[in-house]
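Spelled out from the first residue to the last, the chains are:
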Amino acid sequence: MASTEGSGRGMPEKAVYSVIGMTCSACSGQVESVLRQLPGIHGAVVDALTNRALVTFYPALITEETIRETIEDVGYQATLIQDHQTNAKSSQMCRIRINGICTSCSSAVESALQALQGVLMAQVASADEEAQVHYDPKMVSYKELLEAIEDTGSVAILITTGYMSQFQLKVDGVSTDHSMRLIENSLRSLPGVQDIAIDPKLNKFSVSYKPDVTGPRNFIRVIESTGSGRYKAMIFPETGREVHEKEIKRYYRSFLLSLVFTIPVFLTSMVFMYVPAIKSGLDRKVVNMLSVGEILRWALSTPVQFVIGRRFYSGSYRALRHGSANMDVLIALGTNAAYFYSVYSVLRAAASKDFMSTDFFETSSMLISFILLGKYLEITAKGKTSTAIAKLMDLAPETAILLTLDSEGNVTRDEEIDSRLIQKNDVIKVLPGAKVASDGFVIWGQSHVNESMITGEARPVAKRKGDTVIGGTVNEDGVLHVEATQVGSESALSQIIQLVESAQMAKAPVQKFADRISKYFVPLVITLSFSAWLVWFLAGKFHRYPKSWIPSSMDSFELALQFGISVMVIACPCALGLATPTAVMVGTGVGASQGVLIKGGQALESAHKVNCVVFDKTGTLTIGKPVVVNTRLLKNMVLQEFYELVAATEVNSEHPLAKAIVESAKKFREDEENPTWPEAKNFVSITGHGVKAIVRDKEIIVGNKSLMLDQNITIPSEAEDMLAETESMAQTGILISIDGELAGVVAISDPLKPGASEVISILKSMKVKSIIVTGDNWGTANSIAMEVGIENVIAEAKPEQKAEKVKDLQASGNIVAMVGDGINDSPALVAADVGMAIGAGTDIAIEAADIVLMRSNLEDVITAIDLSRKTFSRIRLNYIWALGYNLLGIPIAAGALFPSTGLRLPPWIAGAAMAASSVSVVCCSLLLKNYRRPKELDGLDMQGVEVVK
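S.K.: Hey, could you run me through the overall build of the protein chain in this one?
M.R.: Of regular secondary structure, the protein chain possesses 33 helices and 36 strands. Sorting the 949 residues of the protein chain into buried and exposed places 55% on the buried side. Intrachain contacts of the protein chain at a sequence separation of at least 6 include 71% that bridge at least 24 residues. Carbon and sulfur atoms provide 55% of the accessible area of the protein chain, an area that totals close to 40000 Å².

S.K.: Would you take a moment to explain the pattern of salt bridges for this structure?
M.R.: Here the idea is simple: oppositely charged side chains can pair when their charged atoms come close. Across all of its chains, the model carries 17 salt bridges by this definition. For the salt bridge of Asp-359 with Arg-297, the shortest nitrogen-to-oxygen distance reads 3.0 Å. Of the two residues, Asp-359 is situated in the loop between α12 (327–351) and α13 (361–385) and Arg-297 in helix α10 (residues 292–308); the sequence distance between them amounts to 62 residues. Like Asp-359, the residue Arg-297 is buried in the burial classification. If you follow the salt bridges from partner to partner, you end up with Glu-65, Arg-68 and Glu-72 in one network.

S.K.: What's the story with the packing of helix α26 (residues 756–765) against helix α31 (residues 859–893) in this structure? I'm lost.
M.R.: Across the interface, α26 lies against α31 with an axial gap of 9 Å and an inter-helix angle of 25°. Considering the angle they form, α26 stands roughly parallel to α31. Residue-level contacts link Val-759, Ile-762 and Leu-763 of α26 to Glu-859, Ile-862 and Ile-865 of α31. Of the residues belonging to the contact of α26 with α31, the class tally is five nonpolar, no polar and one charged.

S.K.: I tried to follow unusual backbone geometry on my own but got confused; where do I start?
M.R.: If a residue is not glycine, its phi is most likely negative; likewise, a peptide bond is most likely trans. The phi torsion at Asn-288 lies on the positive side, around 50°, for a residue other than glycine. Mapped onto the secondary structure, Asn-288 falls in the loop between β13 (285–287) and β14 (290–291). Even without being a glycine, Asp-739 presents a positive backbone phi close to 50°. Tracing the sequence through the fold places Asp-739 in the loop between β30 (732–738) and β31 (741–749). Residue classification places Asp-739 among the partly exposed residues on the basis of a relative accessible area of 47%.

S.K.: Looking at this structure, how should I read the sheet that holds strand β26 (residues 627–633)?
M.R.: Picture the strands of a sheet paired through backbone hydrogen bonds; they go either parallel or antiparallel. The six strands are arranged β26-β31-β30-β29-β28-β27 in an open sheet whose pairing can be described as antiparallel. Of all strands in the sheet, those bounded by a partner on one side alone are β26 and β27 (680–686). Across the sheet, the mean angle separating the axes of adjacent strands is 20° when strand polarity is ignored. Across the face of the sheet, helix α23 (residues 656–666) comes into contact with β26, β30 and β31 while running at roughly 70° to β26.

S.K.: Help me understand the pairing of strand β35 (residues 834–838) in this model?
M.R.: On a regular strand, one side chain projects to one face of the sheet and the next to the other, so that they alternate. Here β35 lies mainly inside the structure; five of its five residues are buried. Residue alternation in β35 divides its side chains into two sets, Val-834, Met-836 and Ile-838 and Gly-835 and Ala-837, and both sets are buried. Where strand β34 (residues 816–820) and β35 come together, four bridges link them in parallel fashion. Bridging from a neighbouring strand, Ala-817 pairs with Val-834 of β35.

S.K.: What exactly am I supposed to notice about the sheet that holds strand β22 (residues 474–475) here?
M.R.: Within the open sheet, the three strands sit side by side as β20-β19-β22. Their pairing is antiparallel. Two strands lie at the open edges of the sheet, namely β20 (461–463) and β22, each paired on one side alone. The pairing of strand β19 (residues 447–450) with β22 spans two bridges and is antiparallel. Its bridge partner lying in β22, Val-449 is registered against Asn-475.

S.K.: It is not clear to me how the packing of aromatic side chains should be interpreted in this structure. Could you clarify?
M.R.: The relation between two aromatic rings is expressed through the spacing of the ring centres and the mutual angle of the planes. Scanning all chains against the criterion turns up 24 aromatic pairs. For the ring pair Tyr-341 and Tyr-344, a centre distance of 6.0 Å and an interplane angle of 45° mean the geometry is tilted. Within this pair, Tyr-341 and its partner Tyr-344 are both found in helix α12, separated by three residues, close to a single helical turn. For Tyr-344, a relative accessible area of 44% corresponds to the partly exposed category.

S.K.: What is the right way to read the packing of helix α22 (residues 639–650) against α23 from this model?
M.R.: To describe two helices that pack against each other, one gives the angle between their axes and the distance between the axes. Across the interface, α22 lies against α23 with an axial gap of 9 Å and an inter-helix angle of 140°. When the interaxial angle is binned, α22 and α23 end up oblique. Classified by chirality, the crossing of α23 by α22 is left-handed. Along its contact with α22, which presents Tyr-643, Val-646, Ala-647 and Glu-650, the element α23 presents Ala-658, Ile-661, Val-662, Ser-664 and Ala-665.

S.K.: How should the nonpolar core be read in this particular structure?
M.R.: Across soluble globular proteins, you tend to see nonpolar side chains buried next to one another. In terms of nonpolar packing, the biggest core is built from 107 residues, with Val-613, Phe-615, Met-836 and Ile-851 touching the most fellow members. The biggest single contributor to this core is α31, with twelve residues. Contacts of Phe-615, omitting those with residues within four sequence positions, involve Thr-620, Leu-621, Ile-760, Leu-763, Ser-770, Ile-771, Ile-772, Val-773, Ile-790, Val-819, Leu-858 and Val-861. Within the second largest apolar cluster, 36 residues are counted, among which are Ile-183, Leu-187, Ile-223 and Val-430.

S.K.: How should the pairing of β19 be read in this particular structure?
M.R.: With three bridges connecting them, β19 and β20 associate as antiparallel partners. From the neighbouring strand, Ser-447 faces β20, where its bridge partner is Lys-463.

S.K.: I tried to follow the state of the cysteines on my own but got confused; where do I start?
M.R.: Covalently bonding the sulfur atom of one cysteine to the sulfur atom of another cysteine gives a disulfide. Tallied over the full model, the rule gives zero disulfides. Its sulfur unpaired, Cys-923 is 8.9 Å from the next cysteine sulfur, which belongs to Cys-924. Judged by its relative accessible area of 37%, Cys-923 is partly exposed.

S.K.: I would appreciate a short explanation of helix α28 (residues 799–811) in the present structure.
M.R.: Owing to its 3.6 residues per turn, the α-helix aligns residues three or four sequence positions apart on the same side. When the terminal C-alpha atoms of α28 are compared, their 19 Å separation across 13 residues agrees well with the 18 Å that a helix rising 1.5 Å per residue should span. Of the surrounding elements, those touching the buried residues of α28 are β25 (612–615), β32 (769–773), β34 and α29 (826–831). Count one or two residues on from α28 and you reach Gly-813, which has phi positive near 95°.

S.K.: Could you clarify how one ought to interpret the side chain of Ser-737 in this entry?
M.R.: Of note, Ser-737 is situated in strand β30. What Ser-737 contacts, discounting residues up to four positions off in sequence, is Glu-699, Ile-700, Ile-701, Met-708, Ile-713, Leu-742 and Ala-743.

S.K.: It is not clear to me how a nonpolar patch on the surface should be interpreted in this structure. Could you clarify?
M.R.: On the surface, Phe-530, Leu-534, Leu-538 and Phe-542 cluster together into a nonpolar patch covering about 380 Å² of accessible area. With respect to the helices and strands, the residue Phe-530 is situated in helix α17 (residues 511–541).

S.K.: It is not clear to me how the environment of Ser-685 should be interpreted in this structure. Could you clarify?
M.R.: Inspection of the secondary structure puts Ser-685 in strand β27. For Ser-685 and Gly-703, which are 18 residues apart along the polypeptide, the C-alpha to C-alpha distance reads 9.9 Å.

S.K.: How should I be thinking about the environment of Val-487 in this particular structure?
M.R.: With respect to the secondary-structure elements, Val-487 resides in the loop between β23 (480–486) and α16 (492–505). A relative accessible area of 8% means that Val-487 is categorised as buried. Separated by 67 residues in sequence, Val-487 and Arg-420 place their C-alpha atoms 8.5 Å apart. In this structure, Val-487 is in contact with Pro-211, Ile-422, Gln-423, Lys-424 and Ser-438, ignoring residues within four places of it in sequence.

S.K.: What should I look at first to understand a negative patch on the surface in this one?
M.R.: On the surface, Glu-144, Glu-147, Glu-150 and Asp-151 cluster together into a negatively charged patch. Owing to a relative accessible area of 37%, Glu-144 belongs among the partly exposed residues under this scheme.

S.K.: I would appreciate a short explanation of helix α25 (residues 717–728) in the present structure.
M.R.: Between its first and last C-alpha atoms α25 spans 17 Å; for twelve residues at 1.5 Å apiece the expected length is 16 Å, and the two agree. For α25, the full list of buried residues reads Ala-719, Met-722, Leu-723, Thr-726 and Glu-727. Down the axis of α25, the buried side of the element spans an arc of 135°, and every buried residue falls inside it. Along α25, exposed side chains directed more than 90 degrees from the buried face belong to Ser-717, Asp-721 and Ser-728. In this structure, the buried side of α25 is in contact with β26, α24 (705–710), β30, β31 and α27 (778–788).

S.K.: Would you mind going over the environment of Ser-18 with me for this structure?
M.R.: Position of Ser-18 relative to the elements: it lies in strand β1 (residues 13–20). On a C-alpha basis, the gap between Ser-18 and Arg-68 in space is 9.6 Å, while along the polypeptide they are 50 residues apart.

What counts and how
Sequence positions are assigned chain by chain, starting from 1 and proceeding in written order. Totals for whole chains, interfaces and linings use all residues, but because this is a predicted model, local features are given only for residues with pLDDT of at least 70 and pairs of side-chain atoms are given and counted only at 80 or more. To get the side-chain values, all heavy atoms of the structure are used, and hydrogens and water are removed first. Helix and strand definitions here come from DSSP, where helices need a minimum of 4 consecutive H or I residues and strands a minimum of 2 consecutive E residues; each element is numbered from the N-terminal end. For every residue, the accessible area (1.4 Å probe, protein chains only) is compared with the maximum for its type, and the residue is labelled buried under 20%, exposed over 50%, or partly exposed between those bounds. Only heavy atoms matter for contacts: two residues are in contact if any of them lie within 4.5 Å across the pair. A 1.4 Å probe and the Shrake-Rupley method give the accessible areas. Residues count as covered only by the protein chains that appear here. We count a salt bridge whenever a side-chain nitrogen from Lys or Arg sits within 4 Å of a carboxyl oxygen from Asp or Glu. Every angle, taken between N-to-C directions, lies between 0 and 180 degrees, and every axis is a line fitted to C-alpha atoms, over only the stretch in contact when it is a helix. What sets the label is the angle itself: under 35 degrees gives roughly parallel, over 145 gives roughly antiparallel, 65 to 115 gives roughly perpendicular, and the rest give oblique. Under the scheme applied, nonpolar residues are Ala, Val, Leu, Ile, Met, Phe, Trp, Tyr, Cys and Pro; charged residues are Asp, Glu, Lys and Arg; polar residues are all the others, including Gly. Between any two strands, at least two bridges found by DSSP are needed for them to pair. Between 30 and 60 degrees the pair is tilted, below 30 it is stacked and above 60 it is edge-to-face, where a pair is any two Phe, Tyr or Trp rings, Trp via its six-membered ring, whose centres lie within 6.5 Å. Crossings are classed by handedness, with left-handed meaning an anticlockwise turn of the near helix from the far one by less than a right angle and right-handed meaning a clockwise turn. Nonpolar cores are built from buried Ala, Val, Leu, Ile, Met, Phe, Trp, Tyr and Cys residues. Side-chain atoms within 4.5 Å join them into one set. Cysteine sulfurs are considered disulfide-paired once they come within 2.5 Å of each other. Helices are assigned an expected span. That span is 1.5 Å times one less than the residue count. Each patch is assembled from residues with relative accessible area greater than 30% and no salt bridge, linking like charges that lie within 9 Å and nonpolar side chains (Val, Leu, Ile, Met, Phe, Trp, Tyr) that lie within 5 Å. Charge assignment: positive for Lys and Arg, negative for Asp and Glu; neither His nor the chain ends contribute. Each charge is placed at NZ for Lys, CZ for Arg, CG for Asp and CD for Glu. Comment: arc refers to directions from the helix axis out to C-beta atoms.

In short, shape yes, function no, at least from these values alone.
Following this line, the structure appears as structure tokens:
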């Protein structure tokens, strides 16, 4: 039934527009803002660099032409270059790992990707070294995407391509190109195989395929049957986590190797000079004024500068080649200045009999060592920000028991296989205490399954034949045989992981602040560094400060050089760049562990400002499992016949109230497990009112009072009295008309979720007001509102009216969150600043939402708002620290305090401070992992709410 809160309108579509006239991010932001305010817009991404707008919208509510006209009304020329139909069919998404990318490099990679013809959207997250690219495979291939990234100087590795599945295999026994081609041709001959990428060095085959047609066991079987069985295929062992671990180990080894050379340099320059016996040996002259100590320091610092520090040279070259500057540029300039000045000093000492040289070899080597230590700590800490994904991945079992059935369904064989080898339609045996290996449905057995790790539902859910199960959940007692329906990237667990990964990649609007600064940061620091050196050098040359200020081991030029180098290496753009993404990553990860899936930084940023929450009623404030509590016939007919006609009409609807009526009708057919209802012809769903159809040559109309009046059906006083009675008890009255005459009234009750009133009370204490907007009648809506403590009620609202109400609240200055669960809530979810979908609701509602509450508990509305506030508090703290560090550190490094206090930061200390600043920002974000939901929620008994699907 769709009378109160249901309407069918399809999935969101996409359209791409060419937008001419934008010159900066402010222009694109203006277009995005206007588009997002339109009804029916699910999302909009506008890029001034590529002059494109990618708009996700609901075609039932808005057209491509309306969107184009809106863009032109803002003042830009807009042309539809790819409509939603071709886009929906041809667009793909791929995820690419970019090893070693820094914060300031990510924008360069994004620009390179977006410049490619056929790329719809590209997002690069430096925090987890990953890019997510939406593209048209007819116009550009993923190989071209990898080449574009590698042209920027980064190393790109394809993780997965969509929307088809990909499986990676390692094949042993392959020694020649002929063997490679033989295996490739064998794989391509399989139906369903779309593409094959080969890495000959690793003997790696990446197979893209349609999971409905084929699967990984078929690939292994074909490979091992090729070439007389001399080839052995296995799942490629390397994972993203292993790649991250390798990078950590690489930095750790580089740091330890640098210490082998740096510690002797440090000792010879700063410690042994105070040990007379050793000092005399180090000061012994070799050639003219060139000493043994200088030769040792030169020899030891050279491999640190050019071998261990090679990564900084290559990083600088890549950045400068593309017209940008990053942290590597600052490090390379600072260490080169110290090293080559030292080389000049040493060579001049070797050529002179009276020149007393002063070298800074310890500066360059110690600087590189401290920076490597900082990078090691930073990458280690960054890895911990994404532990939520690792925990989700660990939910999947390692193995599964595959059953082979005969034609009569009897088990003929079972074998243990790697769970990653499960294919669609496989039958899996799940033992008591084991994890369910794949999404599917039970074909034999009964048990209870603990789904808390996925849905947050505390109590085990009963499962029997025909019930669905979710991969990663735990079977409690009985044995189950499950037929796999969703495998690989299509499984619920994989989609949750993808959603969290996408959320952690999506930039929060506040990140634009750091992006703007990073464009000018490095050139500004280089200018300040040169200015600091020049000012101190000129001041020394013209005797503007006492000679006593100059350390005994230096002259005025060397003192000025140290100030310049210190400024260059103390500045840290990375801390600014990490301030937002690390906090968003940890925040979304913590949310996922609490059953709150937050779709990115935009949702987090909007949620922390929310001051008004709009609740749908059915399935949101109420349990969403309504039951028929009373039936009154107004026509002389058999009750069973009455329900047969009504059920035949309502069985075509997905609305909870419709399901309640059908379930009530089943009581009259207890002898049938799945009763067949009479055929319903000319079925029509009247949005926000009800349904009608022709059943047994009779016109059946089921809906609310306004639908009956619209259909010119008279409502007798007896029916009016029953409607008033049901509404006063917070029940919903449904009217049924047969051949234009009112035949009966059905009263349906949907009890409130436990703790609903307490949640509303807590929201009030958080200065967030609550409103009910429902398609149900005024009486029922007011009764529910009084019970939970909500003062503002909007009833009998159609889906588009819900969205209009949300926009009215926004126009009044409110930041609005909409909480709903049905298809009819989608327009309001899209219109709201933050859409929150109840996890037990429809897929369309979940797709339209910004935040998904997996546990279907209202308390998670509070958790989502509170977590977003805590996350943005952490982001502000990160920015204060990152900006404050640079604003204080750069003047101190430039010698601002030296005249009054004698405080001078040697370059190696400045470098250590720079490394520590990035680590401190990441660690500050990691403190979010200690997040605890508000204490007021601890007393709520809402974990026992079970929504039976």
